[in-house]
Amino acid sequence: MNVITNSSKSVITTAIHIPFPQTFQSVRWARKPRWLGTAKSKLFRIPPRPVIPKEEELELRRLNNNYRTQMKSIRNYLTERYHVKYLPSSNVEQIREDFEKDFAQCNEINTKWNEEIKVLREQRIAEEINKNIEEAKKQLNEQIMLDKKNLEKAEEEVRLEKEAAKAFITPDTLEAAIEYAVNNPVDYNYAIDMEGNKIIGKDLNSSKL
Amino acid sequence: MLPPGSGTGQFSQFSKKAIRFVRKGCTNRPFFHIVVAEQRKEQFMPVIEQVGSYDPIPNEYNEKLVSLNFERIRHWIGNGASISQPVQELLGLSGFLPIHPRSYMTAWRNRRAEKLNDSVETKEKAENVDSQTSK
């Protein structure tokens, strides 16, 4: 025993060189490292051997023998059935023939379906076109009505503007306008009460209103 | 990117394969994937294929849930994969393989322990009754 502990100590000194031990202090570790060896209190402890009764041992042996035999046969069966080695070998001609046969069958079904679908599709497209034409006509009418309305609105605006233009000051009427303004000065420097009556102050030249 | 838990499907042709558990739970909560992996690979290394799962903690109906993909297990056993003992036990209990001897052993030991426990309890009861009557 002494020999073993000595040798394990020598392992520590030779194999593990820790320059700064404080940096290698682990916070949490799963188990004691191997190189720390057996604890002194456990050094000469001999763990008790499990005692299996003779009867039980025989029974277990019998069961295990049976199990192994059965497993062997199952394994052989599964190997024969599923092993890559025993998979049916590929015959290229046969595979191609099978494929073509299958493809022809599928193609037939597909063509049948396509014909059925074609009727439905054409019907649907015709319906859609009719619907679209009607929709377009309706939209066209709506647009015409809208244009008409807009034109009327514009005409009305123009008419109002023309009426208003009569009161505009042009270069010809400028002199007269100035004269009128000079002769008729307007002073808005007054207050109003809640009823809207003008309250003219003392400072205001009321004669000019 | 992490390899998927359901397996990478990659393996070398002649390596030994094993059907075994991979522990996928967390602390105090075991959960196992039943996988096909290369025997020499460690537990948490990428697996070839997942073929089932096993939840060893009973649920609210007192059931331990196991799922197994028998089709793939058959294929892999047929292609020479070995089966670990716990998986053998599960497969035995599921009726896919014969019952594993260890299952029988656990059962009879449990039965024996229960019987012993019962007898001890009845003895104690009897003793208690005796002591009360003697008083």
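For clarity, every value in this text was computed on a predicted model and none was experimentally measured.

Draft legend 1. Representation of the overall build of chain B within the structure. The secondary structure content of chain B amounts to three helices and five strands. If you list the helices and strands of chain B from N to C, you get β-β-β-β-α-β-α-α. Counting across all 135 residues of chain B, residues that qualify as buried make up 34%. Excluding contacts between residues fewer than 6 apart, the proportion of contacts in chain B whose partners are at least 24 apart in sequence is 38%.

Draft legend 2. Region of interest: the environment of Ile73(B). Residue and element names in this part refer to chain B. Position of Ile73 among the secondary structure elements: in helix 1 (residues 70-78). Look at Ile73 and you get buried, because its relative accessible area is 1%. For Ile73 and Val51, which are 22 residues apart along the polypeptide, the C-alpha to C-alpha distance reads 6.7 Å.

Draft legend 3. View of the nonpolar core. Ranked by size, the top nonpolar core spans 21 residues in total, and within it Ile19(B), Ile34(B) and Ile83(B) carry the most contacts. Within the residue set of this core, elements represented by two or more residues are helix 2 (54-82) of chain A together with strand 1 (17-23), strand 2 (32-38), strand 3 (49-54), helix 1 and helix 2 (85-93) of chain B.

Draft legend 4. Structural context of helix 2 of chain A. Taking 1.5 Å per residue as the helical rise, helix 2 of chain A with its 29 residues ought to reach 42 Å, and the 41 Å between its terminal C-alpha atoms agrees with that figure. Among all positions in helix 2 of chain A, only Glu56(A), Leu60(A), Leu63(A), Tyr67(A), Met71(A) and Leu78(A) are buried.

Draft legend 5. Up close: the pairing of strand 3 of chain B. Residue and element names in this part refer to chain B. For strand 3, the buried fraction is high: five of the six residues fall into the buried class. Examined bridge by bridge, strand 2 and strand 3 share five bridges and lie antiparallel to one another. Bridge pairing in strand 3 links Val36 to Glu49. Of the strand pairs in this sheet, strand 3 and strand 4 (residues 66-68) are connected by three bridges, and their pairing is antiparallel. Its bridge partner being in strand 4, Tyr54 is matched across the sheet by Val66.

Draft legend 6. Structural context of unusual backbone geometry. The backbone of Asn28(B) sits at a positive phi, close to 65°, despite the residue not being glycine. With respect to the element layout, Asn28(B) can be found in the loop between strand 1 and strand 2.

Draft legend 7. Summary view of the interface of chain A and chain B. Taken together, the contact pairs 16 residues of chain A with 20 residues of chain B. Summed over both sides, the interface of chain A with chain B buries roughly 1600 Å², with 66% coming from carbon and sulfur. Its largest share of buried area at the contact with chain B, chain A owes to Tyr67(A), Arg75(A) and Tyr82(A), together 37% of the area lost on that side. The tally of links from chain A across to chain B stands at two salt bridges. Across the pair Arg109(B) and Glu56(A) runs a salt bridge whose closest N-O atoms are separated by 2.8 Å. Counting across the chain A and chain B interface gives six residue pairs in polar contact (both at pLDDT 80 or more). Looking at the side of chain A that touches chain B residue by residue, the classes come out as nine nonpolar, four polar and three charged.

Each value, and the rule that gives it
- Residues numbered from 1 in each chain as written.
- Chains lettered and ligands numbered in written order.
- Predicted model: local features only at pLDDT ≥ 70, side-chain atom pairs only at ≥ 80, totals over all residues.
- Heavy atoms only, no water.
- Helix = DSSP H or I, 4+ residues; strand = E, 2+ residues; numbered from the N terminus.
- Buried < 20%, exposed > 50% of the residue type's maximum accessible area, 1.4 Å probe, protein only.
- Contact = heavy atoms within 4.5 Å.
- Core = buried A, V, L, I, M, F, W, Y, C linked by side-chain atoms within 4.5 Å.
- Expected span 1.5 Å × (residues − 1).
- Pairing = 2+ DSSP bridges.
- Buried area = accessible area lost by both parts, 1.4 Å probe.
- Salt bridge = Lys/Arg side-chain N within 4 Å of Asp/Glu carboxyl O.
- Polar contact = N/O pair within 3.5 Å; in protein donor to acceptor, adjacent residues only side chain to side chain.
- Nonpolar A, V, L, I, M, F, W, Y, C, P; charged D, E, K, R; others polar.

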